[in-house]
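Take a look at the letters that make up each chain.
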Amino acid sequence: AAGVIQSPRHLIKEKRETATLKCYPIPRHDTVYWYQQGPGQDPQFLISFYEKMQSDKGSIPDRFSAQQFSDYHSELNMSSLELGDSALYFCASSLVRGGSYEQYFGPGTRLTVT
Amino acid sequence: QKEVEQDPGPLSVPEGAIVSLNCTYSNSAFQYFMWYRQYSRKGPELLMYTYSSGNKEDGRFTAQVDKSSKYISLFIRDSQPSDSATYLCAMTPYNTDKLIFGTGTRLQVFP
């Protein structure tokens, strides 16, 4: 079965640079979620989109923005990167329209800020 | 205090043992409960999903929810070395999307 696809899998950036992370949800899923997982920590919710509209927002810094496109893929844009932004970034998807709140996670993008 | 508490372990058991993993939570608005398995540097893999009190079984896994006690459990029967991973409980309140995770319990099953 098709899973959530994330790209790139690894990304190295310098402080103050920008980064763009991409997420392709499971086909026919209508909701995308972004999470950040620091070393040794549990995933922290950043933001979600349902049918291309922002549906919920968590502890996402103002330097970050995200959107969901007409083909349902999503991008997380991160600017003025800081050392503390180094983490695993996960995208998850679900089919909320079908009444399911099960979230399926992608393999993650490992961001290293130097 | 975190909304979802989970013993970080590590929990070390012999192959074939029954494993019990637990989480407690403080927010009575939590309605949907999930268990994820995460191997090192990989994405969380959904194991079990439930939204009501009681038991749900899937193969070697049984999820148990007790809303009155705000307590959830995951049981793994006939544990295998391949079950060695971090197990995260997660839950979401009604009318919101975000999953609130426990800190995860690291499980090691030795042959």
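Because the structure is predicted, anything quoted here is derived from the model rather than measured.

Cut-offs and rules
Residues numbered from 1 in each chain as written. Chains lettered and ligands numbered in written order. Predicted model: local features only at pLDDT ≥ 70, side-chain atom pairs only at ≥ 80, totals over all residues. Heavy atoms only, no water. Helix = DSSP H or I, 4+ residues; strand = E, 2+ residues; numbered from the N terminus. Rg over C-alpha atoms; globule rule 2.2 N^0.38 Å. Buried < 20%, exposed > 50% of the residue type's maximum accessible area, 1.4 Å probe, protein only. Pairing = 2+ DSSP bridges. Contact = heavy atoms within 4.5 Å. Buried area = accessible area lost by both parts, 1.4 Å probe. Salt bridge = Lys/Arg side-chain N within 4 Å of Asp/Glu carboxyl O.

Engineer: Give me the overall build of chain B: which residues, what numbers.
Structural biologist: When helices and strands are tallied, chain B shows 0 helices and 11 strands. Taken from the N to the C terminus, the helices and strands of chain B come in the order β-β-β-β-β-β-β-β-β-β-β. Against the globule reference of 13 Å for 111 residues, chain B gives a C-alpha radius of gyration of 13 Å, in line with a compact fold. The principal-axis extent of the C-alpha atoms belonging to chain B is close to 45 × 30 × 20 Å.

Engineer: Can you break down the pairing of strand 3 (residues 19-24) of chain A residue by residue, with the values?
Structural biologist: Residues and elements named next belong to chain A. Of the two faces of strand 3, the one lined by Ala-19, Leu-21 and Cys-23 is fully buried and the one lined by Thr-20, Lys-22 and Tyr-24 carries no buried residue. With 5 bridges joining them, strand 3 and strand 8 (residues 74-78) adopt antiparallel strand pairing. Bridge pairing in strand 8 places Ala-19 opposite Met-78.

Engineer: Provide a residue-level description of the interface of chain A and chain B, including the pertinent values.
Structural biologist: Each side of the interface is counted separately: chain A has 20 residues, and chain B has 19 residues. Surface buried jointly by chain A and chain B totals about 1,700 Å² across both partners, of which 56% is contributed by carbon and sulfur atoms. Of all residues in chain A, Asp-42, Tyr-101 and Phe-105 of chain A bury the most surface against chain B, accounting for 30% of the area lost on that side. At the boundary of chain A with chain B, the tally comes to 1 salt bridge. For the side of chain A that touches chain B, the elements supplying multiple residues, two or more each, are strand 4 (31-37), strand 5 (44-50), strand 6 (53-57), strand 9 (87-94) and strand 10 (104-105) of chain A.

Treat this as a map of the structure, not an account of what it does.
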